[in-house]
Amino acid sequence: MSDVILESADGPVIPVHLLREADVEAALAEAGVMAQGLAKAQDFKGKAGQILIVPDATGQTERVLFGLGAARASGVRALAARLPAGAYRLAQRPQDISPDEAALAFALGSYRFDRYKKKPDDRPRLIAEGADVAAVKAMAHACALARDMVNTPANDMGPLQIETIAREIAEQYGAAITVVAGEGLLEANYPAVHAVGRAAGPGREPRMIEMSWGEDGRPLVAIIGKGVVFDTGGLDIKPAGAMRLMKKDMGGAAHALALARMVMAARLPVRLLVLTPAVENAIAGDAMRPGDVLDSRKGLTIEVGNTDAEGRLILADALTRAAELKPDLTIDLATLTGAARVALGPQLPPFFTDDETLAAQIAAAAEAVEDPLWRLPLWKPYAEALDSEVADLKNDADPWAQAGAVTAALFLQRFAPEGPWVHLDIFAWNPRGKPGVPAGGEVMAIRGLFRMLQDRFA
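On a predicted model such as this, the values are computed, not experimentally measured, just so you know.

Draft legend 1. View of the environment of G433. Looking at the secondary structure, you find G433 in the loop between β19 (429-430) and β20 (440-441). On the basis of relative accessibility, which here comes to 39%, the residue G433 falls in the partly exposed class. Distance in space between the C-alpha atoms of G433 and G404 is 27 Å, their sequence separation being 29 residues. Apart from residues lying up to four places away in sequence, G433 is in contact with P438 and A439.

Here's what the structure looks like:
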């Protein structure tokens, strides 16, 4: 992602005025007669997303008025999508929007996935006066990384590519990294990860990627991300419509790596353990079958009721590995269930935890940074829907329980470390684009989680 947040510019810089509706009259009076005439002609009233480009006597842009309506900082995302190329600065903003918030929203709204398109980089850029430019860039780059990973098709984002990205992050921030791949997963006791990914073709072997960072003696935070680079559904194959977006099924891994990058860039006083099981749920002669019974790292046996419920299988091994190191906090992120979308839609990911203090911290942090989440219950009476007649548990709940996102979370809880743990069932995708929020890969929850980690540990 090219930098769109600058500390200074060599050429002319155009002032932008961020306006609530109540601020418009005064702003137009200051801007002059031409601006007032344009505002009347274009019915500019400062409503959210309205833009008024005011020229000078030579026809060059003199200033820009941009309406926020009642929106908070997130409203600035649309500004980045509506401005022509050039350098801008915020000459006016509401007092409840800080320079950092405005700059980050502008950066997030500037995102484009153009890896496969040849066209000039003509995005507008913002001179972020008063902002911590380094911190804003670090956050924006981490978010862009997650979105790029989700948007990249599976032919260019396989398990090896996820490993490569993890290695680049580790090298940048001085983290240690180990990778176990292919048949080595059995020797290293990651049998569920191996079972899910063993049918993939040469060069796309399953792997467990483990990264650690931070000084001894600090609290250990485990971050785990589901990395299914493409999900056919396995032998319980998905219909074509459901398979179309399955390049994004590694969204949990993308978010985990991005969150880890935020933590390391900010040098939060924690130790990090980042676990990314990366697999392709492919179809071949050695693919796992419905009715198979799998071993897991924890020693629990799992009956495969549905090969399309594979994400929880690889997370089971990863959560068990985290438990062995006794983290002070465990976070897992996964594009896990369609049921979560049925419950809350594509824009509002649910989170699950039994820790009331952690739940309150996450909710408060998410609200503070406009990164919406909604808590759903770990409803214990549904746990028996995971009982199996031939194994310790099964990966698909009995239909009577119905609440698929809840039963998936209850499955993961069987493997989660003791102590504070939260599971997030993210979508990682915008199905409908709008200015500043393009259709495609989207980063969800991790800005709020980062704020929670800051509040909890810093």
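Draft legend 2. The arrangement of the pairing of strand β9 (residues 220-225) in detail. The element β9 is extensively covered by neighbouring structure, given that six of its six residues are classed as buried. Burial along β9 is two-sided: the face carrying L220, A222 and I224 and the face carrying V221, I223 and G225 are both buried. Bridging between β9 and strand β11 (residues 271-281) involves five bridges; their strand directions are parallel. Residue pairing across strands places V221 opposite L272, the latter belonging to β11. For β9 and strand β14 (residues 329-334), the ladder comprises five bridges, and the chain directions are parallel. Paired with I223 across the strands is I331, a residue of β14.

Draft legend 3. Structural context of the sheet that holds strand β17 (residues 393-394). Across the sheet, which stays open at both edges, the three strands sit in the order β12-β13-β17 with mixed pairing between neighbours. The two strands at the open ends of the sheet, each matched to only one other strand, are β12 (293-294) and β17. Taken together, the two bridges between β12 and strand β13 (residues 302-303) define a ladder with antiparallel strand orientation. Across the sheet, the residue bridging to L294 is I302, located in β13.

Draft legend 4. Here's a closer look at the sheet that holds strand β1 (residues 5-6). Strand order in the open sheet formed by six strands is β1-β6-β5-β2-β4-β3, and the pairing between neighbours is mixed. Across the chains shown, the open sheet's two edge strands, defined by having one partner strand only, are β1 and β3 (51-55). For β1 and strand β6 (residues 125-127), the ladder comprises two bridges, and the chain directions are parallel. By the bridge assignment, I5 is partnered in β6 with L126.

Draft legend 5. Inspection of the nonpolar core at higher detail. Of all hydrophobic cores here, the largest spans 93 residues; its most connected members are I5, I162, I331, L424 and L453. Setting aside chain neighbours within four positions, we find I5 in contact with A103, F106, A107, L126, A128, V133, V136 and K137. One finds A195, V196, L315 and F352 within the second-largest nonpolar core, a separate group that totals 44 residues.

Draft legend 6. Highlighting the pattern of salt bridges. In the structure shown here, the tally under the stated rule is 28 salt bridges. Among the salt bridges present, the one from R72 reaches E367, with a minimum N-O distance of 3.0 Å. Remark: E367 occurs in helix α13 (residues 356-368) and R72 occurs in the loop between β4 (61-67) and α3 (76-82); sequence separation between them is 295 residues. Linking R112 and D122 is a salt bridge whose minimum nitrogen-to-oxygen distance equals 3.1 Å. You can see R112 sitting in the loop between α4 (99-109) and β6 and its partner D122 sitting in the loop between α4 and β6, a full ten residues away along the chain. Overall, the relative accessible area of 34% leaves R112 in the partly exposed class. What emerges from the salt-bridge pattern is a single network uniting E163, R167, E205 and R207.

Draft legend 7. Inspection of unusual backbone geometry at higher detail. Phi at D43 takes a positive value of approximately 55°, unusual for a residue other than glycine. If you trace the backbone, D43 turns up in the loop between α2 (33-41) and β3. Here D43 falls in the partly exposed class, since its relative accessible area comes to 43%. A positive phi angle, near 70°, is found at N189, a position not held by glycine. Along the chain, N189 turns up in the loop between α7 (184-187) and α8 (191-197).

Draft legend 8. Main features of helix α1 (residues 24-31). Among the residues of α1, those classed as buried are V24, A27, L28 and A31. The buried residues of α1 occupy an angular sector of 95° when the element is viewed end-on, so they sit on one face. The exposed residues of α1 that point more than 90 degrees off its buried face are E25, A26, A29 and E30. On the buried face of α1, the contacting elements are β2 (14-19), α2, β3 and β4. Residue G32 follows α1 closely and has a positive phi angle near 105°.

Analysis parameters
Residues numbered from 1 in each chain as written. Predicted model: local features only at pLDDT ≥ 70, side-chain atom pairs only at ≥ 80, totals over all residues. Heavy atoms only, no water. Helix = DSSP H or I, 4+ residues; strand = E, 2+ residues; numbered from the N terminus. Buried < 20%, exposed > 50% of the residue type's maximum accessible area, 1.4 Å probe, protein only. Contact = heavy atoms within 4.5 Å. Pairing = 2+ DSSP bridges. Core = buried A, V, L, I, M, F, W, Y, C linked by side-chain atoms within 4.5 Å. Salt bridge = Lys/Arg side-chain N within 4 Å of Asp/Glu carboxyl O. Arc of directions from axis to C-beta.

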